[in-house]
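Here is what each chain is made of, one letter per residue.
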Amino acid sequence: MLTTDRVAGAALALLALVVFWESRKLPLGSLSNPGPAYMPVVLAGVLLAFGVALVIVGGRAAKLAAAGWSEWRHAVAIFAVCAFGAWALERLGYRATVAVALAFMLGVVERRGVVFTVAFSLALAVGTFLLFDTLLRVPLPRGPFGL
Amino acid sequence: MVETLQNLALGFSVALTPGVLFYAFVGCVVGTLVGVLPGIGPLAGISLLLPATFGMDATRAIVMLAGIYYGAMYGGSTTSILMRIPGEAASVMTCIDGYAMARKGRAGAALAIAAVGSYVAGTVSVVALMFLAPPLASFALRFGPPEYFALLVLGLLVLAYMSGGSMVKALAMAALGLLLGMIGIDQMTGYFRFAYGVVELGDGIGVVPVAVGLFGLAEILATAGLPTPPEVIKPKLRELLPSRREWSQSAWPIGRGTVLGFLIGIIPGSAHIISSFVSYAVERRLSKHPEEFGRGAVAGVAGPESANNSATSGAFVPMLALGVPSGPIPAVMLAAMMVHGVSPGPLLIKQQPELFWGFIASMYVGNVVLLILNLPLVGVFVNLLRVPYPVLYPSILVFCILGVYAVNGSVVDVWIMLVMGALGYVLRKLDFETAPIVLGVILAPMIEMALRQSLAMSDGHYGIFVTRPIAGTLLAVGGVLLLLSLKPLITRSLDWRARLALAEKGEERL
């Protein structure tokens, strides 16, 4: 039966195996003189043990479907907007990126009115830039258009 | 004693300068806002505002960030009492009786008791911090790499033991955090580990993007699509004064909550959350009318609120005296201090007495500021909750991206935050604690360095961890904890950690 603990345990065990594989490229050293791969390998071993333990004893945990994923579409939309923000931040500049991301989030994801969306997005983009970049002197990216 | 008072006088001479006083006030206000707003806890709040402190001197920066921490503890009670929504996790227990009191028309009294309890606990626990940290720091001067290794391992084991739910899951998360902490240049050999050509990963994964992703972004991803919160109960200013009976009912719970909270705060783990749970359980057990709990018992508000504020100061003891964070919030505070060139640990008190004692004195001042803020201005803070969440959360997201980017001026950090946000969202759904990941990330380089230095000292013999008394004792305590965690598996009963997990999920009314 697919339970939350079993799925998580399997994923952790898989990650541990990936770490084992990737650690081949680094010197392991010895027990008395550990190399750079020593700790990652030990930790991957620990993670593998816990992952396998969760798969074995995780049968009594909640079913995966019972975890409640009803809001996943919303979560994916928010994540996509954030990913756009990360991609565009240094390409378009802080103010343009934040204004576009906020406008999409408020106007498309949350379906707010056009006037409110535009005004709020511009105000927050410009306001936070003024506060952090101008007043607090935290340098924020300006992008090719100085925005 | 006389020396401590002289040092405290030095601290007040720093804390009462207009500049420091101003930033203590700003920290308290921002912290209260952070506590009031659901979806942004003290951890994310401190992480996000870290870049804003870059232009300040170290004392002002640390005082402001500490103000955010204990301000959030105060602010979290407001939404718990008026909306039954915990502003941050430590206020979960306050929801039960605080909201019940509000529904009986005693919202003002509940808020006042929470604020006064928090003030008393905050002040008393700072006194304890003041007396406990210096001797502990002197003791820690005897620590070498083996002792630090044992202490750090014990810290992770205690964190896992004190987390609600399964210890196997908590330890798996700690191992995951430690593995993430392995990314970057190996300090002993200079090898790049798991960086895949990304130069920015050379310094490793920062604790700020990890914390903001796991706690800030993940919370928004999980809650933004949910129905809107219930209506806010609005207290009137004249109703803020509790009755004589309510005062007398709250006196002992405040005292007990203060002591319990401080002691639990020193122990590694999500201390402020656990302390409120333990305090609630103790008060119900000691009460002559346990049937009132869940229906508006004054002790059910006074105890947990005092405990979670007291735990905040307790958590600073190992951080300041040993340089070892006891949980994710002290870990971020530690990172913040390092950004400002301050190295917490045994030598801090001797080398930078103005900073240490100024910080202690500012906590006294901060508690007074918070008492003033939380009573008359409660209506102002509650108004914030009228901002619809679909408008609020995009604004919080902007601060998440801005805060994470500004720490190093690196987009890679923003991507790390996104990955951690997605991971935190999934782990939350799968019922895993994410706090051990944050602690693992910051402890990983320290543990590895301590292990390798110890082995260099002993010519490769692992016996050094057992033959040295302090290290051996610390590891033995860790072993006992591991054995204790196996007990529920053998007796097939629910231990306190399982009950805490249930209570946090709201599936069980204590």
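In what follows, the structure referred to is the one given above.
Heads up: these notes are all about the structure in this document. The shown structure was predicted, so the numbers you read here are calculated from the model rather than taken from an experiment.

**A look at the overall build of chain A**
Counting secondary structure elements, chain A contains 5 helices and 0 strands. Starting at the N terminus and walking to the C terminus, you meet the elements of chain A as α-α-α-α-α. Taken against the 2.2 N^0.38 rule, which gives 15 Å for 147 residues, the C-alpha radius of gyration of chain A at 23 Å runs more than 25% over that of a compact globule. Taken along the three principal axes of its C-alpha coordinates, chain A extends 60 × 45 × 25 Å. Expressed as a percentage of its 147 residues, the buried residues of chain A come to 40%. Long-range contacts, defined here as pairs at least 24 residues apart, represent 63% of the contacts in chain A between residues at least 6 apart. Looking at chain A as shown, the accessible area adds up to about 7,700 Å², and 72% of this sits on carbon and sulfur atoms. The positive charge centre, built from 12 side chains, and the negative charge centre, built from 6, are 3 Å apart in chain A.

**What to know about the overall build of chain B**
When its secondary structure is counted, chain B shows 22 helices and 2 strands. Each of the 510 residues in chain B was classed as buried or not, and the buried ones make up 64%. Taking all contacts inside chain B whose residues are at least 6 apart in sequence as the whole, residues at least 24 apart take part in 79%. Approximately 18,500 Å² of chain B is accessible, and the part contributed by carbon and sulfur atoms is 65%.

**Notes on the nonpolar core**
Ranked by size, the top nonpolar core spans 165 residues in total, and within it I78(A), L129(B), F316(B), L320(B), I360(B), Y393(B) and M417(B) carry the most contacts. Sorting elements by how many residues they give to this core places helix α17 (residues 389-408) of chain B first, with 13 residues. With 15 residues, the next largest nonpolar core counts L82(B), A109(B), A110(B) and A302(B) among its residues.

**Regarding the interface of chain B and chain A**
In this assembly, 57 residues from chain B lie in contact with 61 residues from chain A. Of the roughly 5,100 Å² buried at the junction of chain B and chain A (both faces included), carbon and sulfur atoms supply 79%. Counting across the interface, chain B meets chain A through 2 salt bridges. With its nearest N and O atoms 3.1 Å apart, the salt bridge here joins D5(A) to K169(B). Taken together, the elements giving at least two residues each to the side of chain B that touches chain A come down to α8 (167-180), β2 (192-193), α9 (207-223), α17, α18 (411-429) and α19 (435-457) of chain B. Broken down by element, the residue count for the side of chain B that touches chain A peaks at 12 residues, all from α17(B).

Reading the values: the criteria
- Residues numbered from 1 in each chain as written.
- Chains lettered and ligands numbered in written order.
- Predicted model: local features only at pLDDT ≥ 70, side-chain atom pairs only at ≥ 80, totals over all residues.
- Heavy atoms only, no water.
- Helix = DSSP H or I, 4+ residues; strand = E, 2+ residues; numbered from the N terminus.
- Rg over C-alpha atoms; globule rule 2.2 N^0.38 Å.
- Buried < 20%, exposed > 50% of the residue type's maximum accessible area, 1.4 Å probe, protein only.
- Contact = heavy atoms within 4.5 Å.
- Areas by Shrake-Rupley, 256 points an atom, 1.4 Å probe, with all protein chains shown as cover.
- Lys, Arg positive; Asp, Glu negative; His and termini not counted.
- Charge placed at Lys NZ, Arg CZ, Asp CG, Glu CD.
- Core = buried A, V, L, I, M, F, W, Y, C linked by side-chain atoms within 4.5 Å.
- Buried area = accessible area lost by both parts, 1.4 Å probe.
- Salt bridge = Lys/Arg side-chain N within 4 Å of Asp/Glu carboxyl O.

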